[in-house]
Amino acid sequence: MSARILHIAKNTFREAVRDRVLYNLIAFALLLSGAAILVSQISIDIERLVVVNLGLTAISLFGVLIAIFIGIGLVSKEIEKRTLYTVLSRPVRRWEFIVGKFFGLAGTLVVNTLFMAIGVFGALLYVAHRFSRPDAWIFVALYFIILEFLIICSLSLLFSSFSSPLLSAVFAFSLFVIGSFANDLRGFAGVAHGFTRWFATAAAYLVPNFSTLNVISAVAHQQPLGAHLILQNTLYALFYTVAAMSGAVLIFERRNLK
Amino acid sequence: MSSRGRTTVLAASSLLVSITASVLSLRHIDQLHPTSPVEDVLYIGSPKMVKRASFGFDGLMACMYWTRTVQYFGHRHLNGEMSYNELAPLLEITTALDPNMMAPYQFGASFLAPAPPNGAGEPDRAIRLMQYGIEHNPNDWHLYYNLGFVYYTLKDYKQASATFARGSRVPNAHPFLKILAARMAEHTGDYSTARMLWSATFETSQDSHIRLNAIAHLRSLQVDEDVTNLQAAVTRFGERAGRLPSSMEELTAAEHLPGIPIDPDGKPYELSPEGRILVQNPDNFIFVTKGTPPGYKPPAFGRLRK
Amino acid sequence: MAAIEILGLEKTYMVGFWRKRPKRALEPLHLTVDEGEIFGFLGPNGAGKTTTLKLLMGLVFPTAGSARILGREWTDPQIKAQIGFLPEQPYFYDYLTAHELLDYYGQLSGVSAPDRRHRIPEVLSHVGLTDVKGIQLRKFSKGMLQRVGIAQAILHNPRLVFFDEPMSGLDPLGRREVRDLMEQLKREGKTVFFSTHILSDAEALCDRVAIIHKGMLRSVGAIEELTSTVQGKVEVVWQGTNVPAGVRVLSADCHVTGDTVRGIINENQQDAAIDALRRERMRLVSITPLRTSLETYFVEKLQVRCESTSENTVGAAAGTRV
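Residues numbered from 1 in each chain as written. Chains lettered and ligands numbered in written order. Predicted model: local features only at pLDDT ≥ 70, side-chain atom pairs only at ≥ 80, totals over all residues. Heavy atoms only, no water.

**Considerations on the overall build of chain B**
Helix and strand counts for chain B come out as 13 helices and two strands. The buried share among the 306 residues of chain B stands at 46%. Considering only residue pairs separated by 6 or more positions, chain B has 54% of its internal contacts joining residues 24 or more positions apart. Taken as a whole, chain B presents about 15100 Å² of accessible surface, with 57% of it coming from carbon and sulfur. (Helix = DSSP H or I, 4+ residues; strand = E, 2+ residues; numbered from the N terminus. Buried < 20%, exposed > 50% of the residue type's maximum accessible area, 1.4 Å probe, protein only. Contact = heavy atoms within 4.5 Å. Areas by Shrake-Rupley, 256 points an atom, 1.4 Å probe, with all protein chains shown as cover.)

Below you can see the structure in the form of structure tokens.
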């Protein structure tokens, strides 16, 4: 891995920070502390459930929005503003640029998620007064959320490499929604017939399957998650990300920067 | 090869390999939790909560829940499972999200009330679901029909009759509701009444589960009716001859029938040495109450399939 | 060794919604730029200058042809460390300060950290940007951005620099500074390839120029060659309001403006003219050999094309009429 990728990633991270992306943490903190205070006063027994459900869902949604809205501009904005010219006229390969951008965005999201995770554990401590053993599964849920972000980042980049920011946003967001209901799509494929079945099955396997990465409810109900699931989900997310990134490189490599 | 060409080849092969690998790992994950997603859907069991959580996309969510319901039923049914615990909540959530969607009510009328393994065995919830439907769609006669049907299967003929009568007064109601209301008063046990109900269910529904269920009922009704008539013939024969008929041939000759009566599968009915009329494959008629050997238990598998 | 050898690079864009309509941006271009020279790439707006530069930078891919830069294939990523590029109307990451931007670019060009530390203030003062520490580029004026653009192009001490319209957005003082800078680069033994549509800049700086119009190369050569003296003519300017008879016999081409008179005469009659003026006690102001200005040449080059095409059309039209 070349040092240039690292430099590009660092600059992407710096851009996100200077564009005040991390300000979303304030909104998140307000949401979570509000919910924690409210829940601790009105409901018995389900405080933990609400905090974990709400906290993890918010982490996931905030992150997905950030990933999409930064991701879609990563390449197209640089082309449009011509900042790319002075980068690519240096000894930087095009694929290094794409990969560097990906790591920069992924890094931004990881840092963002870490801050939010601290918030969730804080709120949990506030309502439950102590941590219990099954709370450790929250780490797994967070890990899966980060895997989800990796996929979204790579998809946004993929779209950004050939389409306008607005279209990219539409594409990426649609895929996020479809992917969140991937298992329903699978179910639909199971009951369909003929061409529809074939098409739905292909679609069900090609869209990112975010349902398998979503274990928020299970974690909220303190259900354990198998090591095998963790491993397989990791592999799945990595393969999918690599596939989307390869597509992005493939497109960007042959693109004329008019 | 130029460095650009090399990158292209590498990226293309990495794309192929990783897409294949991602599909394979997804198939692997499927095996980790092979049950359909419906079970975990119901963490939110309360219809009100689901409605609130749907952020105004009620219609879409209703469709989604309806798909999940059908999937859930089909999945459990295919695996020959004996219980449908989530059926009632799924239907309630679906109808809470979209009270005007008719399919779930029809489905509920057919499968909520009957005892397992033919249904969820929750007659009270079936009645509540239909009443909820009528509340929101007072001008749809189908719902009165469905509710009356549930009462009928529960053998509450008085309520059934009243419900059919109410339904017959709805504008554009199907004329048979009036007939059904009248029949409930007198001819409740008649095969013709039952046949009328199941035929109506078959004709008014598009759902394959409901239609198959109705066909199975109609076929079993046919057998029940045939067996009843033939058994009566055996009795008449005994009264006349002072003995049991020795064979079906003898019985049909005595009754002046054109041939040996056959069941809906085309198989002739049989006569046991004890003078009982038997259907050859009772497993093919899962709702039969007559014509089965002593101690017969209906099969658990493949109930609705022909 | 040639710094740049362009071997038939050409570019056709596909335009329209379905990208089916071809649009020729650059006809096959053959051009050689020697090492150590300042080469001007001239042409009106939309002539294909920027397309050529983008092709050389690998930003767009040619329809056909190739090029060699500093003796290597132009697609070789290694050569990128030895060239600098200033795009037209450059724009940079506006959330960075000039120092951060140059630091980032230095990293990408493989300049070591200690080198970056002393080189960045050096190039910034070189382009006349001092006191910009801590100011984000979003606060920079157009002229300042142009200077940052030049700074980033020469930051890594490249052997060859490409400037696309380097003077645009600069005030007269700034233009002068950039001219000086380019001359200094030449003194340092570097090759400068710059595009412009402003002829005086090219005339003042370039060893050689190429003129491109409508995607086609019209002419290449040293400034002196292109603007060769008009066969044996000199311009004589003196103070006065009349043309003495001794001069009049030499030249019919005299103009009186205010209290100066300008006459064009043959070179070999220059002495006779001076004698005639001296006899009339008129004050001689200047005698200069006449040259075509680059501008005249340029306009001529572009017009020849137009006229010849229009002539052709007329001819063709006449032909059909007959």
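Next comes the rest of the account.
**Looking at the overall build of chain C**
Helices and strands together make up the secondary structure of chain C, namely ten helices and 14 strands. For chain C, whose C-alpha radius of gyration is 25 Å, the value lies well above the compact-globule estimate of 20 Å for 322 residues. The 322 residues of chain C split such that 47% are buried. For chain C, restricting intrachain contacts to residue pairs at least 6 apart in sequence, the fraction spanning at least 24 positions comes to 67%. The centroid of the 40 positive side-chain charges in chain C is displaced by 5 Å from the centroid of its 38 negative side-chain charges. (Rg over C-alpha atoms; globule rule 2.2 N^0.38 Å. Lys, Arg positive; Asp, Glu negative; His and termini not counted. Charge placed at Lys NZ, Arg CZ, Asp CG, Glu CD.)

**Section: the domain arrangement of chain B**
Residue and element names in this part refer to chain B. Partitioning chain B into domains gives domain 1 (38-196) and domain 2 (212-284). Centre-to-centre separation of domain 1 and domain 2, based on C-alpha positions: 35 Å. Counting residues at the interface gives five residues for domain 1, matched by seven residues for domain 2. Summing both partners gives a buried area of about 580 Å² for domain 1 against domain 2, and 60% of it is carried by carbon and sulfur. (Domains from an automatic or database assignment. Buried area = accessible area lost by both parts, 1.4 Å probe.)

**Describing the packing of helix α7 (residues 123-136) of chain B against helix α8 (residues 141-153) of chain B**
Residue and element names in this part refer to chain B. Packing of α7 against α8 brings their axes to within 9 Å, and their N-to-C directions diverge by 160°. Judged on the interaxial angle alone, α8 and α7 are roughly antiparallel. Note that α7 runs across α8; the crossing there is left-handed. The segment α7 lies against α8, with A126, I127, M130, Q131, G133 and I134 engaging L143, Y144, N146, L147, V150 and Y151. Considering only residue class, the contact of α7 with α8 consists of nine nonpolar, three polar and no charged. (Axes fitted to C-alpha atoms, helices over the stretch in contact; angles between N-to-C directions. Parallel < 35°, antiparallel > 145°, perpendicular 65-115°, else oblique. Left-handed = near helix turned anticlockwise from the far one by under 90°. Nonpolar A, V, L, I, M, F, W, Y, C, P; charged D, E, K, R; others polar.)

**Section: the layout of surface pockets**
Gaps left between atoms show up when a probe the size of a water molecule is rolled over them. Residue and element names in this part refer to chain B. In this model, the second largest pocket occupies a volume close to 730 Å³. Around the second largest pocket, the lining is made up of 29 residues, and of these Y152, K155, W198, H217 and T289 lie nearest the centre. Element by element, the count of residues in the lining of the second largest pocket is highest for helix α12 (residues 208-241), at five residues. Among the residues making up the lining of the second largest pocket, the classes are represented as 17 nonpolar, nine polar and three charged. (1 Å grid on protein atoms, 1.4 Å probe; cavity = no way out; pocket = protein on both sides within 12 Å on 5 of 7 lines; lining within 4 Å. Points joined across faces, edges and corners; volume = space filled by probe spheres on them.)

**Focus on the sheet that holds strand β4 (residues 64-69) of chain C**
All names here are of chain C. Strand order in the open sheet made by the four strands is β2-β1-β4-β5, with antiparallel pairing throughout. This sheet does not close on itself; its edge strands, each paired only once, are β2 (21-34) and β5 (72-73). The pairing of β4 with β5 spans two bridges and is antiparallel. By the bridge assignment, I69 is partnered in β5 with R72. Helix-sheet contacts for helix α1 (residues 49-57) involve β1 (2-15), β2 and β4, and the interaxial angle to β1 is about 110°. (Pairing = 2+ DSSP bridges.)

**Some details on the interface of chain A and chain C**
Taken together, the contact between chain A and chain C spans 28 residues of the former and 34 residues of the latter. Buried area between chain A and chain C, both sides added, is near 3000 Å², and the carbon and sulfur share of it is 53%. Of the charged contacts, one joins E100 of chain C and R18 of chain A as a salt bridge, the two residues approaching to 2.6 Å between their closest N and O atoms. Linking chain A with chain C are 18 residue pairs in polar contact (both at pLDDT 80 or more). Looking at the side of chain A that touches chain C, the elements that each hand over two or more residues are α1 (3-18) and α4 (83-88) of chain A. The element best represented in the side of chain A that touches chain C is α1 of chain A, accounting for seven residues. When the residues that make up the side of chain A that touches chain C are grouped by side-chain class, the tally is seven nonpolar, six polar and 15 charged. (Salt bridge = Lys/Arg side-chain N within 4 Å of Asp/Glu carboxyl O. Polar contact = N/O pair within 3.5 Å; in protein donor to acceptor, adjacent residues only side chain to side chain.)

**Details of the interface of chain A and chain B**
In this assembly, 32 residues from chain A lie in contact with 25 residues from chain B. Note on chain A versus chain B: buried area summed over both sides is about 2700 Å², and carbon and sulfur give 67% of it. For chain A, the biggest contributors to the area lost against chain B are D184, Y205 and L250 of chain A; these three give 21% of the whole. The interface formed by chain A and chain B holds zero salt bridges in total. The interface formed by chain A and chain B contains four residue pairs in polar contact (both at pLDDT 80 or more). For the side of chain A that touches chain B, the secondary structure elements donating two or more residues are α8 (182-191), α9 (194-206), α10 (216-220) and α11 (227-253) of chain A. When residues in the side of chain A that touches chain B are grouped by element, the largest group, 15 residues, is from α11 of chain A. Residues that form the side of chain A that touches chain B fall into these classes: 16 nonpolar, twelve polar and four charged.

**Quick look at the sheet that holds strand β7 (residues 160-164) of chain C**
Residue and element names in this part refer to chain C. Strand order across the open sheet formed by six strands is β6-β7-β8-β3-β9-β10, with mixed pairing between neighbours. Taken across any chain shown, the strands that pair with only one partner, and hence form the sheet edges, are β6 (83-86) and β10 (216-222). Sheet twist, expressed as the mean angle between neighbouring strand axes with direction ignored, is 15°. Where strand β3 (residues 38-42) lies against strand β8 (residues 191-196), five bridges are found, and the strand directions are parallel. Along β8, the bridge assignment pairs F39 with F193.

**Some details on a nonpolar patch on the surface**
Residue and element names in this part refer to chain A. On the surface, a cluster of nonpolar side chains totalling about 440 Å² of accessible area is made up of L65, F69, F173, V177 and F181. For the nonpolar patch, the secondary-structure elements that each account for two or more residues are α3 (47-80) and α7 (165-180). By secondary structure assignment, the location of F173 is in helix α7. Residue classification places F173 among the partly exposed positions, given a relative accessible area of 39%. (Patch = residues over 30% accessible without salt bridge, like charges linked within 9 Å, V, L, I, M, F, W, Y side chains within 5 Å.)

**With respect to the pattern of salt bridges**
This structure, assessed with the given rule, holds 26 salt bridges over all chains. Ionic pairing is found between R4 of chain A and E96 of chain A, a salt bridge with its closest N-O pair at 2.9 Å. With a gap of 92 residues between them, R4 of chain A in helix α1 and E96 of chain A in helix α5 (residues 94-128) connect regions that are remote in the sequence. When its relative accessible area of 2% is taken as the criterion, E96 of chain A is described as buried. The salt bridge involving E122 of chain B is made with R125 of chain B; its shortest N-O contact spans 3.2 Å. A relative accessible area of 24% places R125 of chain B in the partly exposed class.

**A short note on the nonpolar core**
Counting residues in each nonpolar core, the largest one holds 168 residues, and the members touching the most others are L56 of chain A together with F162 and F163 of chain C. Not counting residues within four places of it along the chain, the set of residues in contact with F162 of chain C comprises I4, L53, L56, M57, I69, I83, G84, F85, L86 and F193 of chain C. (Core = buried A, V, L, I, M, F, W, Y, C linked by side-chain atoms within 4.5 Å.)

**Re the environment of P208 of chain A**
Residue and element names in this part refer to chain A. With respect to the secondary-structure elements, P208 resides in the loop between α9 and α10. In this structure, the C-alpha to C-alpha distance between P208 and G190, residues 18 residues apart in sequence, is 18 Å. Ignoring anything within four residues of it in the chain, the contact list for P208 reads I151, L155, L175, G179, A182, Y236 and Y240.

**Here we look at the pairing of β2 of chain C**
Residue and element names in this part refer to chain C. Bridge count for β1 against β2 is eleven bridges, and the pairing is antiparallel. Bridge pairing in β2 links Y13 to K23. In sequence, β1 turns back onto β2 through a hairpin of five residues, with G16 there showing a positive phi of about 90°.

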